Amino acid sequence: MQIIIEEKSANLNEVDSIIVGVYSDKLDSPFVKNFDKLSNGQLKGAIGNKEFDGKESTAVMFRIDGNKMIVVGLGDSKVSKGEVIKNAFGNAFSSLKEYSCKTIGVPVFESVGGLDFLSRCIVEGVVIGDYSFNKYKTDNTDPKKQVDKVIVYCQEHNNSKMLIENGVKLGQILADSTNLTRTIANEPANVATPVFVANKAKELANQLKIKYEVFGRKELEKMDANALLAVSAGSVNEPQLIHLEYDGRKNGKGKTIAVVGKGITFDSGGISIKPALKMEEMKFDKSGACAVLGIMNACVKLSVNARIIGIGALSENLPSGSAYKPSDIIKTMSGKTVEVQNTDAEGRMVLSDALTYANKFKPDYIIDLATLTGACVVALGDLTSGLFCNDEEFEKKMIIAGQTSGEKLWSLPVSAEYDEKIKSDIADIKNVGESYNAGASAGASFLKVFAAPTKWAHLDIAGTAWTVRPKGYLGLGSTGMGVRVVTQFIMNETSS
Ligand code: BES
Ligand code: ZN
Ligand code: ZN
């Protein structure tokens, strides 16, 4: 799908449909009047009849000489947020696609968050909303509907064409990177083995012309990555530690940021096996590592002024005669020993070595993304990701990046008191806290041991990395959670 910008007003001769965004407190604006005219008075009629009032999550469709106009409500302009725009345009886009529309016009309207932010949100909504994962459907009798072109009309904003161009470009990069992550994360566990994901990383690195390194079982043994090896011990598929690196620093000046992802391609729980119900969802336990690939893509496409190191710790977690067991004591790459009390707390195991590895590059920041705990899902559901940070200033910056990007984060504690929970009687630490007691913070406390002394943020995306109910512009399956918020933080931190 192509997205182009045209410096004229919406023109139903060159598109077969248009989407018009309207705020509930601006029903009398010149913008609305203009589109009322284009709809031959239908819009005013709908407003007069109270069929449409501009409230959030409302929409109305008109036919104009065989073409279609969807008017979407964006709510009160004083409080309306980016996600409202993304949902409204994403949903309208999907409806028009269902109606077999091929070309869609989106007139840029009076903006509350800046024309660049507005255009970015429209494009994110449309491109993320356009995504579907159906490569395994073999029935092709119903040909896939596809929109060929979206035209962003910006006549009323001629002087601001630059802003709109920037917003469209950023929205496209963020959405494409999110979709890239979704496409890998949605792959089933029999296809997406650790080596499969590593190969995807290699392909991406070649495309982006950035450094790629991979460590398999043999190399991991030499590196003493015993925690990652322990988790993979029950599987015939070998683990992979992947390293991608982009250096966009100008004159060698700029920050180094390591982004580390949990990449369990299937989490059965191992010997501490999970119940069967919903176990199939554990193919998404690789979502953190998949997000790292999307983040690398975005950072390179945006040429951020920083060195970005992307690390993924990939393994299966399966039970077998060679699997690691509760009671095992593992000496991690850092030298610290871990008592395994539950093999289902494998994410923190693989991340312990990945974080130690990340610290070898002396990063200014480490951000890890992990579908780490069911406890975080209980606390925050599928709407917000948990944020755990060992530095207050960094934490605030991450929260702001969450608000701007729409991938919301909520701070949960990882303060020193919580370290008690993972004390072991016979090793340095144990891999679980107390049951039904601050499970998400206990997991974070464990990771903190290996992230120190670097400024570190841990995103627990267990509830947000995929969805089993359509969530506005995000369809079923992987959401690509983490790509946009982490890229936003990196952009904020490196643009000055
Ligand atoms: N991958 C799971 C966490 C998870 C659960 C993600 C549900 C998404 C939905 C993780 O490896 C896990 O099993 N964690 C355990 C930790 C416990 C044994 C300390 C959990 O949360 O129950
Ligand atoms: Zn687990
Ligand atoms: Zn897991």
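Residues numbered from 1 in each chain as written. Chains lettered and ligands numbered in written order. Predicted model: local features only at pLDDT ≥ 70, side-chain atom pairs only at ≥ 80, totals over all residues. Heavy atoms only, no water.

## A closer look at the packing of helix α5 (residues 161-185) against helix α14 (residues 483-494)
Part 1: Direction vectors running N to C along α5 and α14 enclose 135°, while the axes themselves pass 9 Å from each other. The angle between the axes of α5 and α14 places the two elements in the oblique class. By crossing handedness, the relation of α5 to α14 is classed as right-handed. Counted together, Leu 170, Leu 174, Ser 177, Thr 178 and Thr 181 of α5 and Val 483, Arg 484, Thr 487 and Met 491 of α14 form the full contact between these two elements.
Part 2: Here the residues of the contact of α5 with α14 sort into 4 nonpolar, 4 polar and 1 charged. (Axes fitted to C-alpha atoms, helices over the stretch in contact; angles between N-to-C directions. Helix = DSSP H or I, 4+ residues; strand = E, 2+ residues; numbered from the N terminus. Parallel < 35°, antiparallel > 145°, perpendicular 65-115°, else oblique. Left-handed = near helix turned anticlockwise from the far one by under 90°. Contact = heavy atoms within 4.5 Å. Nonpolar A, V, L, I, M, F, W, Y, C, P; charged D, E, K, R; others polar.)

## Notes on helix α13 (residues 439-451)
Part 1: Compared with the 18 Å implied by 1.5 Å per residue over 13 residues, the 19 Å span of α13 between its first and last C-alpha is a close match.
Part 2: Those residues of α13 that sit buried are Ala 440, Ser 441, Ala 442, Gly 443, Ala 444, Ser 445, Phe 446, Leu 447, Lys 448, Phe 450 and Ala 451. (Expected span 1.5 Å × (residues − 1). Buried < 20%, exposed > 50% of the residue type's maximum accessible area, 1.4 Å probe, protein only.)

## A look at unusual backbone geometry
Part 1: With an omega of 5°, the peptide bond running from Ala 452 to Pro 453 counts as cis.
Part 2: Examined against the element boundaries, Pro 453 turns out to sit in the loop between α13 and β17 (455-460).
Part 3: A positive phi is found at Lys 50, a non-glycine position, where the angle reads about 65°.
Part 4: The residue Lys 50 is located in the loop between α2 (42-48) and β3 (59-64) in this model.
Part 5: Take Lys 50: its relative accessible area is 74%, and that puts it in the exposed class.
Part 6: Non-glycine residue Ser 303 carries a positive phi angle of around 45°.
Part 7: Looking at the element boundaries, Ser 303 is found in the loop between α9 (287-301) and β10 (306-317).

## Focus on the domain arrangement of the protein chain
Part 1: Once the domains are mapped, the protein chain shows domain 1 (2-175) and domain 2 (192-494).
Part 2: Domain 1 puts 14 residues into the contact, and the matching count from domain 2 is 15 residues.
Part 3: Summing both partners gives a buried area of about 1200 Å² for domain 1 against domain 2, and 61% of it is carried by carbon and sulfur.
Part 4: Among the residues domain 1 hides against domain 2, the three largest losses belong to Ile 128, Ile 173 and Leu 174. Together they make up 38% of the total.
Part 5: The tally of links between domain 1 and domain 2 comes to 1 salt bridge. (Domains from an automatic or database assignment. Buried area = accessible area lost by both parts, 1.4 Å probe. Salt bridge = Lys/Arg side-chain N within 4 Å of Asp/Glu carboxyl O.)

## Comments concerning the coordination of the zinc ion (ligand 2)
Part 1: Distances from the zinc ion (ligand 2) to its protein donors, Asp 267 (OD), Asp 344 (O), Asp 344 (OD) and Glu 346 (OE), fall within 2.0 to 2.2 Å.
Part 2: One can describe the donor arrangement at the zinc ion (ligand 2) as irregular, given that its 6 donor atoms subtend angles of 71 to 166° at the metal.
Part 3: Counting residues between consecutive donors of the zinc ion (ligand 2) along the chain gives the motif D-x76-D-x1-E.
Part 4: Here the zinc ion (ligand 2) and the zinc ion (ligand 3) are spaced 3.2 Å apart, linked through Asp 267, which binds each one. Remark: Glu 346 occurs in the loop between β12 (337-339) and α10 (347-359) and Asp 267 occurs in strand β9 (residues 255-267); sequence separation between them is 79 residues.
Part 5: Of the residues examined, Asp 267 reaches a relative accessible area of 2% and is grouped as buried.
Part 6: We classify Glu 346 as buried; its relative accessible area is 0%. (Donors = N, O, S within 2.8 Å, 3.2 Å for Na, K, Ca; no water. Tetrahedral: all angles 85-135°; square planar, octahedral: opposite > 155°, others 65-115°.)

## A few points about the layout of surface pockets
Part 1: Looking at the largest pocket, its volume works out to about 1400 Å³.
Part 2: Along its surface, the largest pocket is lined by 48 residues, and Lys 274, Leu 372, Thr 373, Gly 374 and Ala 375 are the ones closest to its centre.
Part 3: Among the elements of the structure, β9, α11 (374-380), α13 and β18 (466-467) are those that each provide at least two residues to the lining of the largest pocket.
Part 4: Looking at the lining of the largest pocket element by element, the count peaks at 5 residues for α11.
Part 5: For the lining of the largest pocket, a count of residues per class yields 22 nonpolar, 14 polar and 12 charged.
Part 6: The space that makes up the second largest pocket amounts to roughly 940 Å³.
Part 7: Taken together, 31 residues line the second largest pocket, and the ones lying closest to its centre are Tyr 131, Ser 132, Phe 133, Asn 134 and Lys 144.
Part 8: Elements with a contribution of two residues or more to the lining of the second largest pocket: α3 (82-98) and α4 (115-129).
Part 9: Examining the composition of the lining of the second largest pocket, we find that 5 residues originate from one element, α3, more than from any other. (1 Å grid on protein atoms, 1.4 Å probe; cavity = no way out; pocket = protein on both sides within 12 Å on 5 of 7 lines; lining within 4 Å. Points joined across faces, edges and corners; volume = space filled by probe spheres on them.)

## Describing the site of ligand 1
Part 1: What surrounds ligand 1 is a group of 16 residues, the closest being Lys 274, Asp 285, Asp 344, Glu 346 and Gly 374.
Part 2: In this structure, an oxygen atom belonging to ligand 1 sits 2.8 Å away from a side-chain N or O atom of Asp 344.
Part 3: In this structure, an oxygen atom belonging to ligand 1 sits 2.9 Å away from a side-chain N or O atom of Glu 346.
Part 4: Coverage of ligand 1 by the protein chains reaches 77% of its 510 Å² of free accessible surface.
Part 5: More than half of the atoms belonging to ligand 1 lie within 2 Å of the grid points that define the largest pocket.
Part 6: Broken down by class, the residue content of the shell around ligand 1 amounts to 5 nonpolar, 4 polar and 7 charged. (Near = heavy atom within 4 Å. Polar contact = N/O pair within 3.5 Å; in protein donor to acceptor, adjacent residues only side chain to side chain. Areas by Shrake-Rupley, 256 points an atom, 1.4 Å probe, with all protein chains shown as cover. Sits in = over half its atoms within 2 Å of the grid points.)

## Quick word on the environment of Val 304
Part 1: Of note, Val 304 is situated in the loop between α9 and β10.
Part 2: Val 304 sits 189 residues away from Glu 493 along the chain, and the two C-alpha atoms are 9.6 Å apart.
Part 3: Excluding its chain neighbours within four sequence positions, the residues that come into contact with Val 304 are Tyr 246, Gly 248, Cys 299, Ile 490, Met 491 and Thr 494.

## What about the coordination of the zinc ion (ligand 3)?
Part 1: Here the zinc ion (ligand 3) is held by the protein donor atoms Lys 262 (NZ), Asp 267 (OD), Asp 285 (OD) and Glu 346 (OE), which lie 2.0 to 2.4 Å from it.
Part 2: Taken together, the 6 donor atoms surrounding the zinc ion (ligand 3) define angles of 78 to 172° at the centre, an arrangement classified as octahedral.
Part 3: Along the chain, the residues donating to the zinc ion (ligand 3) fall in the pattern K-x4-D-x17-D-x60-E.

## As for the pattern of salt bridges
Part 1: One pass over the full model with this rule turns up 31 salt bridges.
Part 2: Its salt-bridge partner being Asp 25, residue Lys 78 comes within 3.3 Å of it at the nearest N-O pair. Taken together, the positions of Lys 78 in the loop between β4 (67-73) and α3 and Asp 25 in the loop between β2 (17-22) and α1 (30-38) put the pair 53 residues apart, joining distant regions of the chain.
Part 3: Under the relative-accessibility criterion, Asp 25 is labelled partly exposed at 34%.
Part 4: Between Lys 448 and Asp 419 there is a salt bridge, with its nearest N and O atoms 3.0 Å apart. Linking Lys 448 in helix α13 with Asp 419 in the loop between β15 (409-411) and β16 (429-430), this pair joins segments that are 29 residues apart in sequence.
Part 5: With relative accessibility at 27%, the residue Asp 419 sits in the partly exposed group.
Part 6: Several salt bridges converge on common partners, so that one network encompasses Glu 83, Lys 86, Arg 120, Glu 124, Glu 407 and Arg 484.

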